[in-house]
Amino acid sequence: MNYKNEKDRIIELGKRAYNRGFVASNDGNISIRLDEERFLITASGKSKGYLSYDDILLCDMQGNILEGSGRASSEIRMHIMVYEERSDVNGIFHAHPIYGTTLAVAGIALDQPILVEVIVSIGKIPLVEYGTPGTDKLPNNIKKYVKNHEAFLLEKHGVLTLGTDVETAYYRMETLEHFSKIFFNLKQLGTYQTMDENEVKKLYQARKNFGVREDVGVY
Ligand SMILES: [Zn+2]
């Protein structure tokens, strides 16, 4: 089986996302860039909790399927756009986790420095304007933010996260969802403090230790 190792990684992360309730039914899509010309992506209409090797397609950057049967994910253009714009990104995760999606539907961005872990690993998370799934509108809207952010709330839709590898993209999904829950609770309490600007700058510097760029997700 070609690309068994990469497919195993996608299958494992699909299970984790499904078990944590980040996706319902056949929602979500996961991809790994192999080189400049090709990437693996989950096929359309498959539960991410029960992926098999055959459910992961080899595609080129024009969106053609090179190996595998079935339809490519309806969001393939979103993945291609990210790979074209970000040479440092080699893994992409798209899902509909409950709290992150709740904020996306409510039209609330996670754009305030509140939690240390989030500031270090992701930074500011913008709300991307709505675009019909499967059309060029959504990738075009994400394009405005893609060079400067690692995670995105997609208005009325869900969440997108990027990484130098797909595991990093997945962990950003976990971190974003965790933060979304906390932010939801803070909203109910009606009180929270944003972090002091100088403290935030120190955290940007700390990113070096975690392989995160200093210049992304800046508040
Ligand atoms: Zn979606």
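Please refer to the structure placed before this passage.
The structure reproduced in this document is the subject of the present report. Counting starts from 1 at the beginning of each chain's written sequence and moves along it residue by residue. Residue-level local features of this predicted model are given only where pLDDT is at least 70; pairs of side-chain atoms are given and counted only at 80 or more, and the full residue set underlies all totals for whole chains, interfaces and linings. Excluding hydrogens and water, the side-chain figures rest on all heavy atoms present in the structure.

1. Looking at the pairing of strand β8 (residues 158-163)
Now for step 1: Throughout, exposure labels follow a simple rule: accessible area from a 1.4 Å probe, protein chains only, divided by the maximum for the residue type, with under 20% read as buried, over 50% as exposed, and the rest as partly exposed. Labels follow the DSSP assignment, with helices taken as runs of H or I lasting at least four residues and strands as runs of E lasting at least two, numbered in each case from the N terminus. Most of β8 is tucked away, with six of its six residues classed as buried.
Now for step 2: Looking at chain direction, strand β5 (residues 91-95) and β8 are connected through five bridges and run antiparallel. Counted as the bridge partner of His-94 is Leu-160 from β8.
Now for step 3: Taken together, the four bridges between strand β7 (residues 151-154) and β8 define a ladder with antiparallel strand orientation. Residue pairing across strands places Ala-151 opposite Thr-161, the latter belonging to β8. For two strands to count as paired, DSSP must find a minimum of two bridges between them.

2. Structural notes on the packing of aromatic side chains
Now for step 1: Each Phe, Tyr or Trp ring, with Trp reduced to its six-membered ring, pairs with another whose centre is within 6.5 Å; inter-plane angles below 30 degrees give stacked pairs, above 60 give edge-to-face pairs, and intermediate values give tilted ones. According to the stated counting rule, one finds eight aromatic pairs in the structure shown.
Now for step 2: When the ring of Tyr-18 is compared with that of Tyr-50, the centres are 5.5 Å apart and the planes differ by 70°; the resulting orientation is edge-to-face. A residue pair is termed long-range when its members are at least 10 positions apart, and Tyr-18 in helix α1 (residues 4-19) and Tyr-50 in the loop between β2 (38-42) and β3 (56-60) qualify at 32 residues.
Now for step 3: Pairing Phe-39 with Tyr-83 gives two aromatic rings, centres 5.7 Å apart and planes at 45°, and the pair type is tilted. Here Tyr-83 lies in helix α2 (residues 76-85) and Phe-39 lies in strand β2, a separation of 44 residues in the sequence.
Now for step 4: What links up through ring pairs into an aromatic cluster is the set Phe-22, Phe-93, Tyr-170 and Tyr-171.

3. Considering the layout of surface pockets
In this approach the atoms are scanned with a rolling probe the size of a water molecule, which exposes any empty space left behind.
Now for step 1: A 1.4 Å probe that fits into a set of points on a 1 Å grid over the protein atoms alone but cannot get out defines a cavity; an open set with protein on both sides within 12 Å along at least five of seven lines defines a pocket, and lining residues are those with an atom within 4 Å of a point. Grid points are joined across faces, edges and corners, and a volume is the space filled by probe spheres set on the points. Size it by volume and the largest pocket reaches roughly 290 Å³.
Now for step 2: Together, 17 residues line the largest pocket, and Ser-121, Thr-168, Arg-172, Phe-210 and Val-212 are the ones closest to its centre.
Now for step 3: Only α4 (116-121) and α6 (166-189) provide two or more residues apiece to the lining of the largest pocket.
Now for step 4: Counting residues per element, the lining of the largest pocket draws most heavily on α6, which supplies four residues.
Now for step 5: Gly is put with the polar residues, along with every residue not named as nonpolar or charged; the nonpolar set is Ala, Val, Leu, Ile, Met, Phe, Trp, Tyr, Cys and Pro, and the charged set is Asp, Glu, Lys and Arg. Residue composition of the lining of the largest pocket, grouped by class: five nonpolar, six polar and six charged.
Now for step 6: Size it by volume and the second largest pocket reaches roughly 150 Å³.
Now for step 7: Arg-20, Gly-21, Phe-22, Pro-97, Ile-98, Tyr-99, Glu-174, Glu-177, His-178 and Lys-181 are the residues that line the second largest pocket.
Now for step 8: Considering each element in turn, the lining of the second largest pocket owes the most residues, four residues, to α6.
Now for step 9: By residue class, the composition of the lining of the second largest pocket is four nonpolar, two polar and four charged.

4. Quick look at the pattern of salt bridges
Now for step 1: The salt bridge definition used is simple: a Lys or Arg side-chain nitrogen within 4 Å of an Asp or Glu carboxyl oxygen. If you walk through the whole model with that rule in mind, you get 19 salt bridges.
Now for step 2: Here Glu-12 ties to Arg-16 by a salt bridge, and the two come within 2.9 Å at their closest N and O atoms. Taken together, the residues Glu-12 and Arg-16, both in helix α1 and four residues apart, mark about one turn of the helix.
Now for step 3: Owing to a relative accessible area of 29%, Arg-16 belongs among the partly exposed residues under this scheme.
Now for step 4: Among the charged side chains, a network of salt bridges with common partners joins Arg-86, Asp-88, Glu-150, Arg-172, Arg-213 and Asp-215.

5. Quick look at the coordination of the zinc ion
Metal coordination angles in their ideal form are 109.5 degrees for the four-donor tetrahedron and 90 or 180 degrees for the six-donor octahedron.
Now for step 1: Each metal site is built from N, O and S donor atoms within 2.8 Å (3.2 Å for Na, K and Ca), and since water is not included, such sites may look incomplete. Every protein donor of the zinc ion is accounted for by His-94 (NE2), His-96 (NE2) and His-157 (NE2), and the metal-donor separations fall at 2.0 to 2.1 Å.
Now for step 2: Read in sequence order, the donor residues coordinating the zinc ion give the pattern H-x1-H-x60-H. A residue pair is termed long-range when its members are at least 10 positions apart, and His-96 in the loop between β5 and α3 (98-106) and His-157 in the loop between β7 and β8 qualify at 61 residues.
Now for step 3: Residue classification places His-157 among the buried residues on the basis of a relative accessible area of 12%.

6. Side note on unusual backbone geometry
Now for step 1: Phi at Ser-25 takes a positive value of approximately 50°, unusual for a residue other than glycine.
Now for step 2: If you trace the backbone, Ser-25 turns up in the loop between α1 and β1 (29-33).
Now for step 3: The phi dihedral of Lys-156 is positive, around 60°, even though this residue is not glycine.
Now for step 4: The class of Lys-156 is exposed, set by a relative accessible area of 53%.

7. Some remarks on α3
What sets the pattern is the α-helix's 3.6 residues per turn: residues three or four places apart point alike.
Now for step 1: Within the span of α3, buried status applies to Gly-100, Thr-101, Leu-103 and Ala-104. Burial along α3 is one-sided: seen end-on, the buried residues are contained in an arc of 155°. The exposed residues of α3 that point more than 90 degrees off its buried face are Ile-98, Val-105 and Ala-106.
Now for step 2: Residues of α3 that are buried make contact with β6 (127-128), β7, β8 and α6.
Now for step 3: Trailing α3 by a residue or two, Gly-107 shows a phi angle of about 80°, which is positive. The directions from the helix axis to the C-beta atoms form the arc being described. In what follows, residue pairs with any heavy atoms lying within 4.5 Å of each other are defined as contacts.

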